[in-house]
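Chain and residue survey
Here is what each chain is made of, one letter per residue.
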Amino acid sequence: MAAEQEQPQLEAIQNASEEEKAELDARAREGETVVPGGTRGKSLEAQIHLAEGRHKGGESRKQQIGKEGYQEMGRKGGLSTTDRSGGERAAEQGLAIDESKFRTSA
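Residues numbered from 1 in each chain as written. Predicted model: local features only at pLDDT ≥ 70, side-chain atom pairs only at ≥ 80, totals over all residues. Heavy atoms only, no water.

Our focus in this paragraph is the overall build of the chain. Each helix and strand counted, the chain has four helices and zero strands in total. N-terminal to C-terminal, the α/β element order of the chain is α-α-α-α. Burial status across the chain gives 24% buried among its 106 residues. A separation of at least 24 residues holds for 34% of the contacts in the chain among residues at least 6 apart in sequence. Accessible area for the chain stands at about 7,400 Å²; split by element, carbon and sulfur atoms hold 47% of it. (Helix = DSSP H or I, 4+ residues; strand = E, 2+ residues; numbered from the N terminus. Buried < 20%, exposed > 50% of the residue type's maximum accessible area, 1.4 Å probe, protein only. Contact = heavy atoms within 4.5 Å. Areas by Shrake-Rupley, 256 points an atom, 1.4 Å probe, with all protein chains shown as cover.)

In structure tokens, the structure reads:
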């Protein structure tokens, strides 16, 4: 869902004027994340490439394991904290996580 929201923003940045791109590039070089999904990119171009790769990676994974598996994986990941994994928290709260859905369908 987040990747779907990032794509229009990414396209808007790619279609921005040269002046706007120069301003975004300057902010990116100062360490600011100016492209959603472009975290740690040291320039506007680097952040765009990172964001595109993350979007494609998420879509590929979703295709590999299917919608149910992707949702189940997100449910488990959403439970994780810095000190405990999502699996540990799910067990603690009595939530069933069906890891068989994580397997690729191929």
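Don't stop here, the text continues.
Per-residue confidence for the chain gives a mean pLDDT of 83, with 90% of residues at or over 70. For the chain, the element scoring lowest by mean pLDDT is helix α1 (residues 2-14), at 71; helix α2 (residues 18-29) scores highest, at 94. (pLDDT = per-residue confidence, 0-100.)

Moving on, we get to unusual backbone geometry. For Arg40, which is not a glycine, the phi torsion comes out positive at approximately 80 degrees. Within the element layout of this structure, Arg40 appears in the loop between α2 and α3 (44-79).

Examined against the element boundaries, Arg89 turns out to sit in helix α4 (residues 86-93). Among buried Asp, Glu, Lys and Arg side chains, Arg89 stands out as unpaired, with Glu92 the closest opposite charge at 4.7 Å. At 2.5 Å, the side chain of Arg89 and the backbone oxygen of Leu79 are in polar contact. Sequence-distant contacts of Arg89, that is, excluding residues within four places in its chain, are made with Leu79, Thr81 and Arg84. (Lys, Arg positive; Asp, Glu negative; His and termini not counted. Salt bridge = Lys/Arg side-chain N within 4 Å of Asp/Glu carboxyl O. Polar contact = N/O pair within 3.5 Å; in protein donor to acceptor, adjacent residues only side chain to side chain.)

Moving on, we get to the side chain of Ser43. Tracing the sequence through the fold places Ser43 in the loop between α2 and α3. For Ser43, the side chain forms a polar contact with the main-chain nitrogen of Ala46, separated by 3.2 Å. The contacts of Ser43, once residues within four sequence positions are left out, are Asp25, Ala28 and Arg29.

Tallied over the entire structure, the rule returns five salt bridges. Between Arg29 and Asp25 there is a salt bridge; the shortest N-O distance is 2.8 Å. One end of the pair is Arg29 and the other is Asp25, both in helix α2 and four residues apart, which spans about a single turn. For Arg29, a relative accessible area of 59% corresponds to the exposed category. Put simply, Arg84 and Glu92 hold a salt bridge, and the shortest N to O gap is 2.9 Å. Judged by relative accessible area, Arg84 falls into the partly exposed class, the value being 29%.

Okay, α2 next. Between its first and last C-alpha atoms α2 spans 16 Å; for 12 residues at 1.5 Å apiece the expected length is 16 Å, and the two agree. A positive phi of about 105 degrees marks Gly31, the residue just after α2. (Expected span 1.5 Å × (residues − 1).)

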